Amino acid sequence: MSGVRSLVAISRTVADLDRTEAFYRDGLGFERAAPPEPLPAAMGQAMGQAMGLAEAQGRRLWMRVGGQRVAFLAFDPPGLPYPEPRAATDPIFQHIAIPVRDMGAAMRRLAAVDPAAISRGGAQTLPPASGGVTAFKFRDPDGHPVELIHFPDGPAALRWRDAPGLFLGIDHSAITVTDLDAALAFYVGVLGLHVGSRGLNRGPEQGRLDGLPDPEVDVLGLVPIHATPHVELLHYRRPAARRGAAAFGPRDRSTTRFVFASADVPGQARAVRQAGYPAGLSQDGSVAYAQGPDGHGLLLVRASG
């Protein structure tokens, strides 16, 4: 088993597809990749079996920004809302990071949809020791976190240099984890991602970016075989992440899922179970749904080619 090949999409559960589409279209430059489709037919039998949602009713909407895609799912009846209070240290936290060509122009476009800010004082430029990026974090109408990020130079800027438009794509999706060793054992040891970068972010700029007092956070970039988008682990040394959060399932409106392509979905699902985490597998072995440390969800789909 060689591990996952790529992060092919992000999947998010929301309350209202029309509201979600307007927010991501008008504020972030997303476009429809396909018209909304009814559930359960849109998911297909295999995905419905793997996720335990074979009879679930609702709709799915695929949207894209640049070359990356997000699947928005709205269930009827809806699941649990995003919990309150909300902080970047919550184990349920998972953002998508959208690189932008011009942060000022992107912020003006975003202001049209009046997002709930996570960051204090607008976009923040981090010191060189923390990557030197300019970033702004906020929440969509359901509470899902999103980050705008501008790379001034280096490999990340080069990676997005030729992407068209103002909003360039999805660079990564970051999750907050409470136990860094357990997260690395799962995402590296079980899924086969490798550590591409490692840093320790702190200081007043990081505090304003995260909306937290005096944070100190390990930031690890985990890279699949095909490197973009990638996964980021956020491990807060301070303030400590809240443990013992309630369990959430894929129909709950607080959940976001990685969608990974794998050449061996059944083998990957077995490895997840052997590591002590739940994994459901479709009857034909083409799709698995699993939850890793801190309950973060992921779909494993059969790689094409």
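Residues numbered from 1 in each chain as written. Predicted model: local features only at pLDDT ≥ 70, side-chain atom pairs only at ≥ 80, totals over all residues. Heavy atoms only, no water.

### Notes on the pattern of salt bridges
- For the structure on display, the rule yields 14 salt bridges.
- Three or more residues are tied together by salt bridges with common partners; here these are Arg-202, Asp-214, Glu-216 and Arg-238. (Salt bridge = Lys/Arg side-chain N within 4 Å of Asp/Glu carboxyl O.)

### Topic: the side chain of His-95
- When you line up the elements, His-95 lands in strand E6 (residues 94-99).
- With near-sequence residues (within four places) excluded, His-95 lies in contact with Arg-12, Lys-137, Pro-145, Val-146, Glu-147, His-172, Ser-173 and Ala-174. (Helix = DSSP H or I, 4+ residues; strand = E, 2+ residues; numbered from the N terminus. Contact = heavy atoms within 4.5 Å.)

### Comments concerning the nonpolar core
- One finds Leu-28, Leu-148, Tyr-187, Leu-233 and Phe-260 to be the most contacted residues of the largest nonpolar core, which totals 53 residues.
- Looking at this core, the element that brings in the most residues is helix H5 (residues 180-190), giving 6 residues.
- Judged by nonpolar contacts, the second largest core, of 19 residues, contains Ala-9, Ala-56, Ala-71 and Val-287. (Core = buried A, V, L, I, M, F, W, Y, C linked by side-chain atoms within 4.5 Å. Buried < 20%, exposed > 50% of the residue type's maximum accessible area, 1.4 Å probe, protein only.)

### Concerning the environment of Gly-154
- Mapped onto the elements, Gly-154 comes out in helix H4 (residues 154-159).
- As a C-alpha pair, Gly-154 and Arg-64 span 90 residues in sequence and 25 Å in three-dimensional space.

### Digging into helix H7 (residues 265-274)
- Within H7 the residues assigned to the buried category are Val-265, Gly-267, Gln-268, Ala-269, Ala-271 and Val-272.
- Buried residues along H7 sit in contact with strand E1 (4-13), H5, strand E15 (256-262), strand E16 (279-281), strand E17 (287-291) and strand E18 (297-302).
- Taking the backbone nitrogen of Gly-267 as reference, a side-chain oxygen 2.9 Å away marks Asp-264 as the first, capping residue of H7.
- Positioned one or two residues after H7, Gly-276 has a phi angle of 100 degrees, which is positive. (Polar contact = N/O pair within 3.5 Å; in protein donor to acceptor, adjacent residues only side chain to side chain.)

### Some points on the pairing of strand E11 (residues 172-176)
- The buried count for E11 comes to 5 of 5 residues, which makes it a mostly enclosed element.
- Two elements, E6 and E11, share 4 bridges in a ladder whose sense is antiparallel. When the sheet's bridge partners are listed, Ile-96 is paired in E11 with Ser-173.
- Note that E11 and strand E14 (residues 230-238) share 5 bridges and pair parallel. Bridging across to E14, Ser-173 finds its partner in Val-231. (Pairing = 2+ DSSP bridges.)

Limitation: the analysis is restricted to geometry and does not speak to function.
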